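# Residue-level structural notes
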Amino acid sequence: MTAVPPQGQAVTITSNNVTVRYGKILALNDFTVKVPSGIVGLLGPNGAGKSTFIKALLGLLRPDNGTMTIAGRDPSDDMGAVRDMIGYMPEHDCLIESLNAVNLVTYMGHISGMLKKDAIPRSHEVLDFVGIGEERYRDISSYSTGMKQRVKLAQAIVHDPAILFLDEPTNGMDPQGRVEMMELIKKISDSDKSIMVSTHILDDLEKASDYIIIINNGHLVTEGKIDELLAKKEGQKMIKAVGQPSELDVFLTSLKKAFEVRSAIVDGGQASIVLINKDDGNYIFKIGQESQVQIRAYYPERASLEDVFIGTLDIDNANEAEKTDAASPGNKIEGGEPGVN
Ligand SMILES: Nc1ncnc2c1ncn2[C@@H]1O[C@H](COP(=O)(O)OP(=O)(O)OP(=O)(O)O)[C@@H](O)[C@H]1O
Ligand SMILES: [Mg+2]
């Protein structure tokens with residue numbers, strides 16, 4: 001592998017109140033975000049709207065409402081100019097399997113505006129970079145999933161774009177391959193690039209990205225620098241306690257009065273409780289004594305991106321359910337007395 005020397009300038013990507021529908025399905029719902037440069041993680045569960053967002057930015061879908069800009073240009077109106085700035089690694093197979101990797105990547109460079117004489121050496125350069133060796137002369141149909149993902153990355157960077165949209169780049173790769181893929185992405189970002197990585201594999205992003213955008217049901221849930229999102233969990237502690245189930249219930253009830261309890265699993269005579277406490281644990285031990293439970297462990301719970309992701313999605317789903325109930329009060333009184341309220 002050689003170090004690829006991508007050059008470029010950071011560009012600003014914005015989405016302003018963007019709505020995209022597929023028939024009755026609302027895939028993006030009033031989606032507003034300003035994407036900074038660096039590696040930006042686009043996180044969301046299946047069907048959240050990640051790929052739709054990327055396709056709209058590529059100009060492949062025209063929003064029903066709202067506007068998008070890439071370096072000040074609207075991708076729906078100025079697709080040609082915008083596409084030259086972008087490298088795209090689609091979620092699904094996009095490779096022409098009857099070609100070998102050199103021919104495929106050269107071809108993609110050529111259709112991205114490179115002269116063939118430049119595209120051929122550049123194709124070898126990017127294939128070296130992604131770790132495809134002599135196999136590059138074999139038809140892609142014979143490649144493993146991991147090798148195909150590497151070729152998909154190579155074709156996305158062949159024309160040295162300033163922006164990369166990578167839709168699930170580690171899909172189907174084994175753990176080692178995933179680590180290597182994220183390392184490649186980090187190397188690419190060492191120059192001033194905008195790289196948006198859509199994924200639901202949080203581990204991959206936690207190590208590599210600078211900024212996270214969380215999307216759920218087509219709307220923005222939260223965004224921010226990864227350090228700041230994780231810092232919101234500051235003070236999170238885990239308590240492991242044992243006692244009679246009724247005593248553990250009393251303990252938990254008392255804790256809830258004094259602290260923000262984030263999760264609690266009480267199973268038989270054992271409890272695992274996560275709460276926020278930025279002070280020392282004296283008061284918690286006092287509550288334990290009063291409730292006659294034995295605190296076996298009390299330690300800081302390391303916040304992970306998974307905590308943030310699951311926590312924010314839980315809150316968002318609860319908010320959405322509340323809004324739905326409020327919008328259709330009939331649901332609440334189904335089978336009850338109409339006119340009550
Ligand atoms: N071509 C299409 N026709 C109809 N509905 C679509 C189409 N593409 C996407 N959708 C729907 O739009 C919503 C958003 O889909 P999208 O593919 O953007 O989600 P995603 O976050 O990329 O999900 P995944 O993690 O599964 O890739 C989903 O409800 C999906 O079923
Ligand atoms: Mg997708």
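This write-up is about the structure you can find in this document. Worth saying up front: this structure is predicted, and the values here are computed from it rather than measured.

As a further point, take the packing of helix α3 (residues 101–111) against helix α5 (residues 145–157). Taken N-terminus to C-terminus, the directions of α3 and α5 make an angle of 30 degrees; their axes are 8 Å apart at the nearest point. When the axis of α3 is compared with that of α5, the two are roughly parallel. Two packed elements cross with a definite hand, and for α3 against α5 that hand is right-handed. Across from A101, L104, V105 and M108 in α3, the residues of α5 making contact are V151, A154 and Q155.

Here we take up the sheet that holds strand β12 (residues 270–276). Strands sit in the order β11-β12-β10-β13 across an open sheet of four strands; the sheet is antiparallel. For this open sheet the edge positions go to β11 (260–267) and β13 (294–300), each flanked by a neighbour on one side alone. Across the sheet, the mean angle from the axis of one strand to that of its neighbour is 15 degrees, orientation sign disregarded. Relative to β13, strand β10 (residues 236–242) is paired through six bridges, and the arrangement is antiparallel. The residue bridging M238 from the neighbouring strand is Y299, located in β13. Contacting β10, β11 and β12, helix α9 (residues 245–258) crosses the sheet at an angle of about 175 degrees to β11.

So, about the pairing of strand β7 (residues 194–199). Among the six residues of β7, six are classified as buried, and the element is accordingly described as predominantly covered. Relative to β7, strand β3 (residues 38–43) runs parallel, the two sharing six bridges. Across the sheet, G41 pairs through a bridge with V197, a residue of β7. Pairing between strand β6 (residues 163–167) and β7: five bridges, direction parallel. Within β7, the position partnered with I163 by the bridge is S194.

Now for the nonpolar core. If you look at the biggest cluster of nonpolar residues, it comprises 71 residues, and the most contacted ones within it are A154, F165 and I185. For this core, the leading source of residues is α5, giving six residues. Excluding its chain neighbours within four sequence positions, the residues that come into contact with A154 are V105, V126, L127, V130 and I132. Membership of the second largest hydrophobic core comes to 13 residues, among which are A241, F251, L252 and I273.

We now examine α5. Over its 13 residues, α5 extends 19 Å from the first C-alpha to the last, a length consistent with the 18 Å expected when each residue adds 1.5 Å. Of all 13 residues that make up α5, eleven are buried, and the element is covered over most of its length. Within the span of α5, buried status applies to M147, K148, Q149, R150, V151, K152, L153, A154, Q155, A156 and I157.

Here is what the cut-offs are and how they apply
- Residues numbered from 1 in each chain as written.
- Chains lettered and ligands numbered in written order.
- Predicted model: local features only at pLDDT ≥ 70, side-chain atom pairs only at ≥ 80, totals over all residues.
- Axes fitted to C-alpha atoms, helices over the stretch in contact; angles between N-to-C directions.
- Helix = DSSP H or I, 4+ residues; strand = E, 2+ residues; numbered from the N terminus.
- Parallel < 35°, antiparallel > 145°, perpendicular 65-115°, else oblique.
- Left-handed = near helix turned anticlockwise from the far one by under 90°.
- Contact = placed C-beta atoms within 7 Å.
- Pairing = 2+ DSSP bridges.
- Buried ≥ 20, exposed ≤ 12 C-beta atoms within 10 Å, placed from the backbone.
- Core = buried A, V, L, I, M, F, W, Y, C linked by C-beta atoms within 7 Å.
- Expected span 1.5 Å × (residues − 1).

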